[in-house]
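# Structural overview for review
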Amino acid sequence: MKHCILAKYGPQVADKEALLPRIREIFSAAGEIPGVRGASVYPNCVARDNRCDVLIVLDMDAEALPAYDVSEMHHTWKREFGPLLEKKAIFDFEP
């Protein structure tokens, strides 16, 4: 399945591009979680106020969600980026 995190930064984030290397660094550990094959990070390419800023897509087995939820990678993402986000949405699908 694909586990998608769609996020919009808060107004305090002036340089959105500067955050991408750290997001990619955090999610580079995705393949270390059993049942997770990897992650991709996609920045938004249209600068409009009504758009989200980043999409993170994890390729994983549905059964891996509990392991992902308790992983250090997930906790690091939430700890470092949670305060920078105005909103986020989670969406899971089977391709």
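Two numbers describe how helix 1 (residues 20-27) lies on helix 3 (residues 72-81): the axes approach to 9 Å, and their chain directions differ by 160°. By the angle between their axes, helix 1 is roughly antiparallel relative to helix 3. Contacts between helix 1 and helix 3 involve Arg 22, Ile 23, Ile 26 and Phe 27 on the former and, on the latter, Met 73, Thr 76, Trp 77, Glu 80 and Phe 81. A class-by-class count of the residues in the contact of helix 1 with helix 3 yields six nonpolar, one polar and two charged.

The subject of this paragraph is the nonpolar core. Ranked by size, the top nonpolar core spans 24 residues in total, and within it Ile 23, Phe 27, Ile 56, Leu 58 and Trp 77 carry the most contacts. Where this core is concerned, the elements lending two or more residues are strand 1 (2-9), helix 1, strand 2 (36-43), strand 3 (54-60) and helix 3. If sequence neighbours within four positions are ignored, Leu 58 has contacts with Met 1, Lys 2, His 3, Ile 5, Phe 27, Ala 30, Val 36, Gly 38, Ala 39, Tyr 68 and Met 73.

For the rest of this paragraph, the subject is helix 3. Listed as buried for helix 3 are Met 73, His 74, Thr 76, Trp 77 and Phe 81. Taken around the axis of helix 3, the buried residues stretch over an arc of 160°, which confines them to a single face. Across from the buried face of helix 3, at angles greater than 90 degrees, the exposed residues are Glu 72 and Arg 79.

Working definition: the strands of a sheet are paired by backbone hydrogen bonds and lie parallel or antiparallel to each other. Overall, antiparallel pairing links the four strands, which are arranged 2-3-1-4 in an open sheet. Each edge of the open sheet is held by one strand with a lone partner, namely strand 2 and strand 4 (85-93). Across the sheet, the axes of successive neighbouring strands diverge by a mean angle of 15°, strand direction being ignored. Where strand 1 lies against strand 3, six bridges are found, and the strand directions are antiparallel. Across the sheet, Leu 6 pairs through a bridge with Leu 55, a residue of strand 3.

Quick notes on the rules
Position numbers for residues count from 1 along each chain, tracking the sequence in the order it is written. Totals for whole chains, interfaces and linings use all residues, but because this is a predicted model, local features are given only for residues with pLDDT of at least 70 and pairs of side-chain atoms are given and counted only at 80 or more. Only heavy atoms go into the side-chain values, all of them from the structure, while hydrogens and water stay out. Interaxial angles span 0 to 180 degrees and are taken between N-to-C directions of axes, which are lines fitted to C-alpha atoms, for helices over the stretch in contact. Where helices and strands are cited, they refer to DSSP runs of H or I of at least four residues and of E of at least two residues respectively, numbered from the N terminus. Should an angle lie under 35 degrees it is considered roughly parallel, over 145 roughly antiparallel, and from 65 to 115 roughly perpendicular; all remaining angles are considered oblique. Note on contacts: a residue pair qualifies if any of its non-hydrogen atoms lie within 4.5 Å across the two residues. Charged residues are taken to be Asp, Glu, Lys and Arg, nonpolar residues to be Ala, Val, Leu, Ile, Met, Phe, Trp, Tyr, Cys and Pro, and polar residues to be all remaining types, Gly included. Among buried residues, the Ala, Val, Leu, Ile, Met, Phe, Trp, Tyr and Cys ones that are joined through side-chain atoms within 4.5 Å form a nonpolar core. Here's how the labels work: a residue is buried when its accessible area is under 20% of the maximum for its type, exposed when over 50%, partly exposed in between, all with a 1.4 Å probe on protein chains only. Directions are taken from the helix axis to each C-beta atom, and the arc is the one they span. Strand pairing is assigned whenever DSSP detects at least two bridges linking the two strands.

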